[in-house]
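Remarks on the overall topology
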Amino acid sequence: MVFKSNHADLAIPEVDIWTLLFERNEKEWTDDKELFIDGETGSAYNFTQLKSTALNFGKGLKSQWNWKKGDVLGIFSPNSIDYAPVVFGTLWAGGVCSTANPTYTVKELAFQMKDSKVKGIATQLAMLPTVLEAAQQIGIPEDRIILIGHDRDPSGKLQHFTQLKSTSLLNLSYQTRVDPKKDLAFLVYSSGTTGLPKGVMLSHTNIVANVLQFSSAEKRSGLHCMGGPDGKGDKQLAVLPFYHVYGLTCILHATVWDGYQAIALPKFELEKACKLIQDYQVTFAYVPPPIILGFAKHPIVDKYDLSSLKWLNSGAAPLTGELVDAVWERLTIPTKQGYGLSETAPVTHMQSVLEWAKFKGSVGPLMANMEAKVVDLDGKELSVGEDGEIWLRGPNVFQGYLNRPELAKDTFSECGFFKTGDIGHSDAKGNFYITDRLKELIKYKGFQVAPAELEGILLGHSEIADACVIPAFDRERSEEVPRAYLVMKEGVPRTDEKAKELIDWVASKVAPHKQLRGGIRFIDEVPKNPSGKILRRVLKEQAKKEDRA
Ligand code: 4UU
């Protein structure tokens, strides 16, 4: 059966993102409203300032860098309020943003920037050594690196994004027209169901649709951009990284659409977050489960007055019912859940704040304009209550993986459903539950870890004969962690010291979230089927037994 959203379809306008967000006639809030506030310095962009800074940057790109439709800007930065004008200015100039995890190593960054063929990179001073080395490796000239954030280049060589010069030539001062349905706005990276990270091609319409779907779902949570019951507008904590699709749509875009203020922090530190909530009277936050754990259990939380918080939304990784209860017991606020993927721009399911207690553990119903199927391994469609792979269709479903047209037949069904690689079911009321994962992907604190990438690195070690990486479960921290099962070459000791040495060796080569926190297990053989495909499920079951013991 096809599961349909209980909500009436929304009309999705055929406009680009800039037009949706910046060229509209009516908003429920005024142009001087501060939308993005830097939680560390207090500096801010109101709507007018954001629009003019983005426009200047877009014009600068066209004039100084001869920016053309489809040109890609790499963005390699922790959260900064400057992220907003850089993204929106690039879109105005017809460009595409390839947003990268700011903790990437040179090799990881170079891979993404080369794969998405960036014409320039926006970054922060602190990350310049990584960017310069990556840029040199892939042939991006130094004058195509620009800075965002507070710091300027002390050598004066690199321009700040606000310094790009625009000429007064008339044709450069108009927005570059795009076809919203076909032209891309973002390349975010995901490993999908298998293999290495790939560019997820998100069109303008994908994002426009998701902003509207998400916004209409969240209005049911009683948000107010101005006024509201206490006379103040709602304010959110912006700690989800903007480079990741969850922060990109649900904070960076939704803030400009809905006018809830976003207080940005470059990285999550529980004490700083609590202080900001107290000082700014933050009313809600989109976060992944480990931050929910912090609010539920960490002693530091008791030092602050968090009474302004109305609810939390958890997504990007599984959340246990016990954590939801623990937050309620401590802060007396609901924790609701959403579900989504990079490939769906991202939100597809969203729980209403009114239903958090009734359907605990559910990721909520399908958002407007969404359809789903639940399908077994033989492709048979299942019905209510039956677990199977979740397939999704809607205007927010992506255009395919960059430069990988051959993946389309495994990624999409014949009737255009996207195969998520997640396992779950719907109850009779249309609430979905995610129960397992069919695909290889590991989620550490909501960040993607592609087993194939770690296996590739491990196989490059002279002492390792074969490797398989799977998700293990750290019960104490209530989170998934990558664990490697290794076959060593003859004569190599299979000791704890060797395991530690290899864990450190991997750590020196990857971003912190990819470290082998689940440890290493030595085995005699990696289980494989007759055609040589790794049988991850066998090791996943083994890990489950061990982690439960
Ligand atoms: C169990 O993580 C995301 C997007 C997350 C998101 C979550 C709630 C956005 C909006 C929102 O409200 O994207 P990716 O591409 O990094 O990872 C996608 C994968 C899914 O396939 C699933 O395995 O992350 C996992 N996932 C979840 N798992 C995402 N949300 C959940 C969830 N429970 N609530």
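Residues numbered from 1 in each chain as written. Predicted model: local features only at pLDDT ≥ 70, side-chain atom pairs only at ≥ 80, totals over all residues. Heavy atoms only, no water.

**Observations concerning the confidence of the model for the chain**
Mean pLDDT for the chain: 95, with 99% of residues reaching 70 or above. Under the prediction, the complex receives an ipTM of 0.99, its pTM being 0.97. (pLDDT = per-residue confidence, 0-100.)

**Description of the sheet that holds strand S16 (residues 347–350)**
With respect to topology, eight strands assemble into an open sheet ordered S3-S2-S12-S11-S13-S14-S15-S16, the strand pairing being mixed. Whereas interior strands pair on both sides, the edge strands pair on one side only; in this sheet they are strand S3 (44–46) and S16. When strand polarity is set aside, the average angle formed by the axes of neighbouring strands in this sheet is 20 degrees. Strand direction decides the pairing type here: strand S2 (residues 34–38) and strand S12 (residues 261–264), joined by three bridges, are parallel. Looking across to S12, one finds that Asp38 is bridged to Ala264. Helix H6 (residues 204–219) contacts strand S13 (284–287), strand S14 (311–314), strand S15 (335–340) and S16 of the sheet and is inclined by roughly 10 degrees relative to S16. Sheet strands touched by helix H8 (residues 270–280): S2, strand S11 (235–238) and S12. Its angle to S11, the strand with the most contacts, is close to 160 degrees. (Pairing = 2+ DSSP bridges. Helix = DSSP H or I, 4+ residues; strand = E, 2+ residues; numbered from the N terminus. Axes fitted to C-alpha atoms, helices over the stretch in contact; angles between N-to-C directions. Contact = heavy atoms within 4.5 Å.)

**Points about the site of the ligand**
Near the ligand you find 23 residues, and of these His244, Ser342, Asp422, Lys439 and Lys443 are the closest. Between the ligand and Ala316, the relevant distance is 3.1 Å, taken from a nitrogen atom to a main-chain nitrogen or oxygen of the residue. Within the backbone of Gly338, a nitrogen or oxygen atom sits 2.8 Å from a nitrogen atom of the ligand. Protein contacts shield 99% of the accessible area of the ligand, which totals 640 Å² for the unbound molecule. Within the residue set of the shell around the ligand, elements represented by two or more residues are helix H7 (245–258), S15 and S16. Here the element with the most residues in the shell around the ligand is S15; it accounts for four residues. For the shell around the ligand, the residue count by class is eleven nonpolar, eight polar and four charged. (Near = heavy atom within 4 Å. Polar contact = N/O pair within 3.5 Å; in protein donor to acceptor, adjacent residues only side chain to side chain. Areas by Shrake-Rupley, 256 points an atom, 1.4 Å probe, with all protein chains shown as cover. Nonpolar A, V, L, I, M, F, W, Y, C, P; charged D, E, K, R; others polar.)

**Description of the side chain of Gln351**
Along the polypeptide, Gln351 turns up in the loop between S16 and strand S17 (371–375). Reaching out from Gln351, the side chain makes a polar contact with the backbone oxygen of Ser362 at a distance of 3.5 Å. Residues contacting Gln351, with those up to four places away along its chain left out, are Thr335, Lys336, Gln337, Trp356, Phe359, Ser362, Val363, Gly364 and Pro365.

**Looking at the nonpolar core**
Counting 88 residues, the largest nonpolar core has Phe88 and Phe186 as its most contacted members. Counting residues per element, this core draws most heavily on H7, at nine residues. Excluding its chain neighbours within four sequence positions, the residues that come into contact with Phe88 are Ile17, Trp18, Leu21, Phe22, Ala54, Leu252, His253 and Val256. (Core = buried A, V, L, I, M, F, W, Y, C linked by side-chain atoms within 4.5 Å. Buried < 20%, exposed > 50% of the residue type's maximum accessible area, 1.4 Å probe, protein only.)

**Digging into the environment of Asp422**
Structurally, Asp422 is set in strand S19 (residues 418–426). The contact partners of Asp422, leaving out residues within four places of it in the chain, are Tyr339, Leu341, Gly388, Glu389, Ile390, Ile434, Asp436, Arg437, Leu438 and Lys439. A polar side-chain atom of Asp422 sits 2.6 Å from a polar atom in the side chain of Tyr339.

**Examining the pattern of salt bridges**
Tallying each qualifying case throughout the model produces 38 salt bridges. A salt bridge links Glu23 to Lys51, with the shortest nitrogen-to-oxygen separation between them at 3.9 Å. Note that Glu23 is positioned in the loop between helix H1 (17–22) and S2 and Lys51 in helix H2 (residues 47–64), a separation of 28 residues in sequence. Take Lys51: its relative accessible area is 23%, and that puts it in the partly exposed class. (Salt bridge = Lys/Arg side-chain N within 4 Å of Asp/Glu carboxyl O.)

**So, the pairing of S14**
Two faces make up the sheet, and in a regular strand the side chains alternate between them. Going residue by residue along S14, you find Trp311 and Asn313 tucked away on one face and Leu312 and Ser314 tucked away on the opposite face as well. Pairing geometry for S13 and S14, over four bridges, is parallel. Looking at the pairing, Phe284 lines up with Trp311 of S14. After leaving S13, the chain enters helix H9 (residues 289–297) and then returns to the sheet as S14, a path that is right-handed. (Right-handed = clockwise from strand over helix to strand, strands pointing away.)

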